[in-house]
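What follows is the residue order along each chain.
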Amino acid sequence: MGKVLIIGAGGVGRVVAFKCAQHPDVFEDILLASRTKSKCDQIAAAIGGNRVKTAKVDADNVPELVALIKDYQPDLVLHVALPYQDLTIMDACLETGVNYMDTANYEPKDVAKFEYKWQWAYHDRFKEAGIMALLGCGFDPGVTSIFTKHAAKHHFDEMHMLDIVDCNAGDHGKAFATNFNPEINIREVTQKGKYWKNGQWVETEPHEIGKMLTYPGIGPKKSYLIYHEELESLVKNFPSLNQARFWMTFGDEYLTHLRVIQNIGMAGIAPVKFKGVDIVPLEFLKAVLPDPGELGENYTGETSIGCRIRGVKDGKEKTYYVWNNCRHEDAYAETGTQGVSYTTGVPAMIGARMIMTGEWSGQGVFNVEEFNPDPFMARLKLDGLPWHEETGIDLEL
Ligand code: NDP
């Protein structure tokens, strides 16, 4: 049905390329481009069959992107490089009239702050150009937002409380490693916590609120309230929510490492002079930490991510839980990478499929929960991320 240009050849890019290559009826032609072409070539070779072409591109550079897009003429640019490149890639899509999608909202490099406002500001220009941008189509954001829409459509007349619960009960055998890009991950988890309560945001200190939550097939795990980007669009798109929170599990060992990293200044994003050269401590730290894309080989255990929702159906209070569990070993066996990259890459491929087939269409900038969740939920089951749901249960929250 068309051509897709995937930008970014990290753990997520690898999964996206593998999964798109499995569907030649939709993704007839695939180009994988990134800063380091050899990484694209490795992925293409692992997929085999000349399914994936490769190219080098600096996605911070709009003219370079425009030249690549004009040359390849894709139907969609699927961005899985870093959030710093969201706006340059959107600019290039506008200039060339090509649809855009990503899995993480824009973050300026010099401020550890992620918000949709920069990307939502492109709405009118995308609309005028007659193209669409689909934002945040990984797992969280992405599937968690679609789970919420599915709940609103099929299970509630009105939703009041949403708790997104994200557990990684995997073991990669390393003393400390992050499951996706370390720089982005550490910026995210060291931020202050924030949640939605009665029409306003309530701020907490980092990891100030923690609670034991029980995850299906895993058991109880200490979970901490953190701010996560999908909360911003979900409270806007589901105004009946009077509370919306996000919980993530962290082990004691992980939090201890994180505290030390912060206390000794290694999480800093302001440049420091070292032997006459400016270096950013967090960027240097990324260079010495394990590459998340390579964690897969001995990774055991599973992830469990879902939405716990309280609301009203037919005049009665109702509780509802929808979730997916993903085993790191299964993800590795299929794509050569671990579960966190897998749970991000599969929904990115499905989102791309929704655009390519026209099941999701529009002109402007959209979050995933603005579309019909049904075809997406059906594909999750077919493409490796089966989901389960239960009603009338103790949500623990
Ligand atoms: P990685 O660090 O493994 O990969 C990032 C890739 O982007 C690398 O190949 C890197 O190139 C490339 N890249 C970086 N800068 C540029 C540039 N200027 N031009 C071209 N390519 C560039 O990250 P992940 O694969 O773990 O994550 C990818 C994205 O997915 C991130 O945006 C992350 O926030 C998002 N994500 C979303 C999740 C969700 O559920 N929604 C969950 C997890 C991740 P090089 O190899 O040269 O460094």
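Our structure is the block above this text.
Here is a short report on the structure shown in this document. What you are looking at is a predicted structure, and each value in this text was computed from that prediction instead of being measured.

Structural notes on the overall build of the protein
- A count of helical and extended segments in the protein gives 14 helices and 18 strands.
- Taken along the three principal axes of its C-alpha coordinates, the protein extends 55 × 55 × 40 Å.
- Counting the 397 residues in the protein, one finds 49% classified as buried.
- Residue pairs at least 24 apart in sequence account for 71% of intrachain contacts in the protein once pairs closer than 6 positions are excluded.

Section: the packing of helix H1 (residues 11-21) against helix H13 (residues 339-357)
- Close contact between H1 and H13 brings their axes to 8 Å; oriented N to C, the two are set at 45°. Relative to H13, the element H1 lies oblique. Note on packing geometry: the crossing formed by H1 with H13 is right-handed. Here Gly11, Val12, Arg14, Val15, Val16, Lys19 and Cys20 of H1 lie close against H13, whose contacting residues are Ser341, Tyr342, Thr344, Gly345, Val346, Ala348, Met349 and Ala352.
- Class assignment of the residues belonging to the contact of H1 with H13 gives a composition of nine nonpolar, four polar and two charged.

Here's the deal with the site of the ligand
- Near the ligand lie 34 residues; those nearest to it are Gly10, Val12, Ala59, Gly138 and Phe180.
- Those elements that place two or more of their residues in the shell around the ligand are H1 and H13.
- A breakdown of the residues in the shell around the ligand according to their chemical character gives 15 nonpolar, 14 polar and five charged.
- Shared between two domains, the shell around the ligand holds at least three residues of each, these being domain 1 (2-135) and domain 2 (143-336 + 382-391).

Focus on the pairing of strand S12 (residues 243-249)
- In terms of burial, S12 is a largely internal element, six of the seven residues being buried.
- Both strand S8 (residues 193-197) and S12 contribute to a ladder of two bridges, which runs antiparallel. Within S12, the position partnered with Trp196 by the bridge is Ala244.
- Across three bridges, the pairing between strand S11 (residues 219-225) and S12 is antiparallel. Residue pairing for S12: Tyr224 is matched across the bridge by Met248.

With respect to the environment of Ala121
- Along the chain, the position of Ala121 falls in the loop between helix H5 (117-120) and helix H6 (123-129).
- Among the residues examined, Ala121 registers 13 C-beta atoms within 10 Å and is labelled partly exposed.
- Separated by 239 residues in sequence, Ala121 and Trp360 place their C-alpha atoms 21 Å apart.

Some thoughts on the nonpolar core
- Counting 106 residues, the largest nonpolar core has Ala17, Leu32, Leu78 and Ala133 as its most contacted members.
- Both domains that furnish three or more residues to this core are identified here as domain 1 (2-135) and domain 2 (143-336 + 382-391).
- When near neighbours in sequence (up to four residues on either side) are disregarded, Leu78 contacts Val4, Leu5, Ile6, Val16, Met101, Ala348 and Ala352.

As for the sheet that holds strand S1 (residues 2-7)
- Spatial ordering of the open sheet is given by S3-S2-S1-S4-S5-S6-S17, a layout of seven strands whose pairing is parallel. Two strands in the sheet have a free side with no partner beyond their single neighbour: strand S3 (52-56) and strand S17 (364-367). Sheet twist, expressed as the mean angle between neighbouring strand axes with direction ignored, is 20°.
- Pairing geometry for strand S2 (residues 27-34) and S3, over five bridges, is parallel. Each bridged residue has a counterpart across the sheet, and for Ser34 the counterpart in S3 is Lys56.
- Each of S2 and S3 is contacted by helix H2 (residues 37-47), which is oriented at about 175° to S3, the strand it contacts most.
- This element, helix H3 (residues 62-72), spans S1, S2, S3 and strand S4 (76-79) of the sheet and lies at about 155° to S1.

Examining the pairing of strand S9 (residues 200-204)
- Taken together, the five bridges between S8 and S9 define a ladder with antiparallel strand orientation. Paired with Tyr195 across the two strands is Val202, which belongs to S9.
- The antiparallel pairing of S8 with S9 creates a hairpin that spans two residues between the two strands, and Asn198 there sits at a positive phi of about 45°.

A few points about the environment of Val312
- With respect to the element layout, Val312 can be found in strand S15 (residues 302-313).
- A sequence separation of 262 residues divides Val312 from Asn50, and the C-alpha atoms of the two residues are 52 Å apart.
- Those residues within four positions of Val312 in sequence are excluded, and the remaining contacts are Phe156, Asp157, Glu158, Glu317 and Lys318.

Notes on helix H10 (residues 252-263)
- With 12 residues, H10 ought to run about 16 Å at 1.5 Å a step, and its terminal C-alpha atoms sit 16 Å apart, in line with that.
- The positive-phi residue at the C-terminal boundary of H10 is Gly265, with phi of around 85°.

About the criteria used
- Residues numbered from 1 in each chain as written.
- Predicted model: local features only at pLDDT ≥ 70, side-chain atom pairs only at ≥ 80, totals over all residues.
- Helix = DSSP H or I, 4+ residues; strand = E, 2+ residues; numbered from the N terminus.
- Buried ≥ 20, exposed ≤ 12 C-beta atoms within 10 Å, placed from the backbone.
- Contact = placed C-beta atoms within 7 Å.
- Axes fitted to C-alpha atoms, helices over the stretch in contact; angles between N-to-C directions.
- Parallel < 35°, antiparallel > 145°, perpendicular 65-115°, else oblique.
- Left-handed = near helix turned anticlockwise from the far one by under 90°.
- Nonpolar A, V, L, I, M, F, W, Y, C, P; charged D, E, K, R; others polar.
- Near = placed C-beta within 6 Å.
- Domains from an automatic or database assignment.
- Pairing = 2+ DSSP bridges.
- Core = buried A, V, L, I, M, F, W, Y, C linked by C-beta atoms within 7 Å.
- Expected span 1.5 Å × (residues − 1).

Remember, this is a structural readout, not a statement about activity or role.
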